[in-house]
Amino acid sequence: MSMRKFLVAAASAALLALASPAFAQQSPNLGKPISPEDLASWDISIGPDGAGLPPGSGTVKQGEAVFSAKCQACHGEKGAGTPNDRLVGGQGSLPGDKPPVKTIGSYWPYATTLFDYIRRAMPFNESKSLTNDEAYGVVAYLLNLNGIIPEDETMNAQSLPKVTMPNREGFVVFTRGK
Amino acid sequence: MKEKSRSETEHVAGNGLLHRRVFLAGGAAAMGAGVMADQAAAAPLAVESWMKIPGAPFNGYGQPSKYEEKVARTWASAPGTGGTGSSRTPHHLLNGMITPSGLHYERSHSGIPDINPDTHRLLIHGLVKRPLVFTLDDLGRYPMESRIAFVECAGNSGALFAKQPAPANVQAIHGLLSCSEWTGVKLSVLLQEAGIDPAAKWVLAEGADASGMSRSFPIEKALDDALICLYQNGERVRPANGYPVRLLLPGFEGNMNVKWLRRIKLTAGPTMTKDETSKYTILLPSGKALQFVFPLEGKSIITHPSPGLTVRGPGLYEISGLAWSGYGKIAKVEVSADGGKSWGLAALQEPVLSKAVTRFRMAWQWDGGPAVLQSRSTDETGYVQPSRTQLIELRGDRGNYHNNMIQAWAVAGNGEVKNVYA
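The paragraphs below set out a description of the structure included in this document. Just so you know, these numbers come straight off a predicted model, no measurement behind them. Numbers given for residues are sequential positions, taken from 1 along each chain in its written order. Both sets of labels track the order of writing: A upward for chains, 1 upward for ligands. Owing to the predicted nature of the model, reporting of local features is limited to residues with pLDDT of at least 70; listing and counting of side-chain atom pairs is limited to 80 or more, with chain, interface and lining totals taken over all residues.

**Thoughts on the overall build of chain A**
Labels follow the DSSP assignment, with helices taken as runs of H or I lasting at least four residues and strands as runs of E lasting at least two, numbered in each case from the N terminus. What chain A contains, in helices and strands, is seven helices and four strands. Element order for chain A, N to C, with α for helix and β for strand: α-α-β-α-β-α-α-α-α-β-β. Exposure in this text rests on C-beta crowding, where 20 or more other C-beta atoms within 10 Å of a residue's own make it buried, 12 or fewer make it exposed, and counts in between make it partly exposed. The C-beta atoms are placed from the backbone. Across the 178 residues that make up chain A, the buried fraction comes to 33%. Of the contacts made within chain A by residues no fewer than 6 positions apart, 58% connect residues no fewer than 24 positions apart. Two residues form a contact once the distance between their C-beta atoms, set from the backbone, is within 7 Å.

Dropping the structure here:
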């Protein structure tokens, strides 16, 4: 190719690049690809449909033991609260003008959120230390304390998303001006 | 007929509110003449030691004067914790529109993590073509944008829902609001690099702190003005505000501007995290709760005078405060000195920016009698800040969050200012 032809071709390519939408999105492209296996340790969020729930399981009884050892000091016996958040009761306290009692049982719309939050953030001084079995157990125990599942139920990736929380229909998506 | 004095012609509303023109040449002189006659003469001038002896040497990072120690955040922590809770900006001791970084309000759910920037990573994954990991060095090479934006906790001003007005000042009631210049990389640029799957409608943002604070927001916001911030007021983001990298969702409630950002996950729907279900939802009298209330509505507060800033005798004062809206620019601020009976237009200090605080100013000739000072903002969408009665009629008084009702400060005859409901 002569220099002249080369320059014409290069200029045309540059024009094409300018015209194509890809050009507008140019970036330094410094992100490094990562495999699902290598990011799994951080991918701890659980969707309301149960997406992301890990293998493992826990019973109400197993959860009670974990709760007594690792949660009770802050959340009280049987999750009754003090010094920190109350976890049990309050159902029926949401309407009206009296102060509401917002707990897992009275307010939380999804049981999956319980597993997500307990595993990522609790116990407060040692978050992300519970095994999946322990986390499932504590979730089962708290759901049972709130009268949501029977004492002989086991929580795992299949059963947890099927739990219907009492306040599941309690939320309205906000629209401005309404 | 006797000619009206300058001050009479400058009244813009009842109980002494004057057009700001009185502060300009001519106006002030005309008004001030009488006052000046009453002033005792100043004491003879001293030649102080600092005028004669060399001052302090240089140092690497400057600090405020030791005489300004009272200009500090106040905080409350959850039982049994040191760094879980919130600290508040002392707006009564500041002026202008930028909050100094060391006085920016804080809300932390498990203390301030001590993050090594060399090992910090930002992961982008989920419904993308290529999951990607970025280092801080990587992010520093991308084209950056700066914008001045407020961040306000959704729980700010919640004290005004109390049945009786709390004996509290502007810091205690409204201190969970701050405004900085934020600089960083547009989230949309990084998402394009990862390749957005058309099924992605929501974004989960997660912090690297021990609580793993996480929130979901619609992908439209990510593609609009979401910013991955590396700098705050020109320097690296402060640890308390998300070092080494935080998310800024301009106008959205503070909790969503995830600090210590480690992960962005594209999803089909909201993740329904603890903070977007059990917290940061607005419980109505019906028992139903509003969810996904993202932008903060138009709002304003008077910072000067306010409780603790006693008005010292009759005379000419500047009333000033802050106004902001998560939906855009502030269009106007009105001020009342008679408990809302009459309102006058305040001057807006430039620059007036979208989703940033705007400083407003108004001249006031205090006659020494009782006064109730209020401010009312209107944003560029036409939204008018509601009264306390209007907001409670709309949502009850148990909602906790997004309290943008008009604040009233009562000025007593002795000049003391206090929080009242008017």
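**Some thoughts on the overall build of chain B**
A tally of regular secondary structure across chain B gives eight helices and 26 strands. Rg of the C-alpha trace for chain B: 24 Å, near the compact-globule value of 22 Å for 422 residues, within the 12% margin. For chain B, the spread of C-alpha atoms along the principal axes amounts to about 80 × 65 × 45 Å. Looking at chain B residue by residue over its 422 residues, the buried ones come to 45%. Nonlocal contacts in chain B, meaning residues at least 24 apart in sequence, comprise 70% of its contacts between residues at least 6 apart. For a compact globule the rule gives 2.2 Å times the number of residues to the power 0.38, and the radius of gyration it is set against comes from C-alpha atoms.

**Re the pairing of strand E15 (residues 261–267) of chain B**
All names here are of chain B. For E15, the buried fraction is high: six of the seven residues fall into the buried class. In the sheet, strand E6 (residues 122–126) pairs with E15 via four bridges, with the strands oriented parallel. Residue His125 lies in a different strand from E15, and its bridge partner there is Lys265. For two strands to count as paired, DSSP must find a minimum of two bridges between them. With six bridges connecting them, strand E10 (residues 202–207) and E15 associate as antiparallel partners. The residue bridging Trp202 from the neighbouring strand is Thr267, located in E15.

**Focus on the sheet that holds strand E3 (residues 74–77) of chain B**
Residues and elements named next belong to chain B. The three strands lie next to each other as E3-E4-E5, forming an open sheet whose pairing is antiparallel. The sheet is open, and its two edges are formed by E3 and strand E5 (106–108), each paired on a single side. Pairwise comparison of adjacent strand axes, ignoring direction, gives a mean angle of 5° for this sheet. Alignment of E3 against strand E4 (residues 85–88), held across four bridges, turns out to be antiparallel. Opposite Ser77, over in E4, you have Gly85 as the bridge partner. Angles here are taken between N-to-C directions and fall from 0 to 180 degrees, while the axes themselves are lines fitted to C-alpha atoms, restricted in helices to the stretch in contact.

**A few points about the nonpolar core**
Side chains that are nonpolar tend, in soluble globular proteins, to be buried together. Within the largest apolar cluster, 92 residues are counted, with the highest numbers of intra-cluster contacts made by B:Ile124 and B:Ile228. When residues of this core are assigned to their parent elements, the largest contribution, five residues, is made by strand E23 (residues 358–366) of chain B. Beyond its immediate sequence surroundings of up to four residues, B:Ile228 is in contact with B:Leu139, B:Gly184, B:Val185, B:Leu187, B:Leu190, B:Val245, B:Leu247 and B:Leu261. Any nonpolar core is a set of buried residues, restricted to Ala, Val, Leu, Ile, Met, Phe, Trp, Tyr and Cys, that join up through C-beta atoms within 7 Å. Counting 34 residues, the second largest nonpolar core, distinct from the first, contains A:Phe67, A:Tyr136, A:Ala140 and A:Met165.

**A look at the packing of helix H6 (residues 111–121) of chain A against helix H7 (residues 132–145) of chain A**
Residue and element names in this part refer to chain A. Contact geometry of H6 with H7 gives a least axis separation of 9 Å together with a crossing angle of 130°. What the angle tells us is that H6 and H7 run oblique. Considering the relative orientation of H6 and H7, their crossing is right-handed. Contacts from Ala111, Leu114, Phe115, Ile118 and Arg119 of H6 reach H7 at Ala135, Tyr136, Val138, Val139, Leu142 and Leu143. By the definition adopted for this analysis, an angle is roughly parallel if under 35 degrees, roughly antiparallel if over 145, roughly perpendicular if from 65 to 115, and oblique otherwise. In this scheme, a crossing is called left-handed if the near helix is turned counterclockwise away from the far one by less than a right angle; it is called right-handed if the turn is clockwise.

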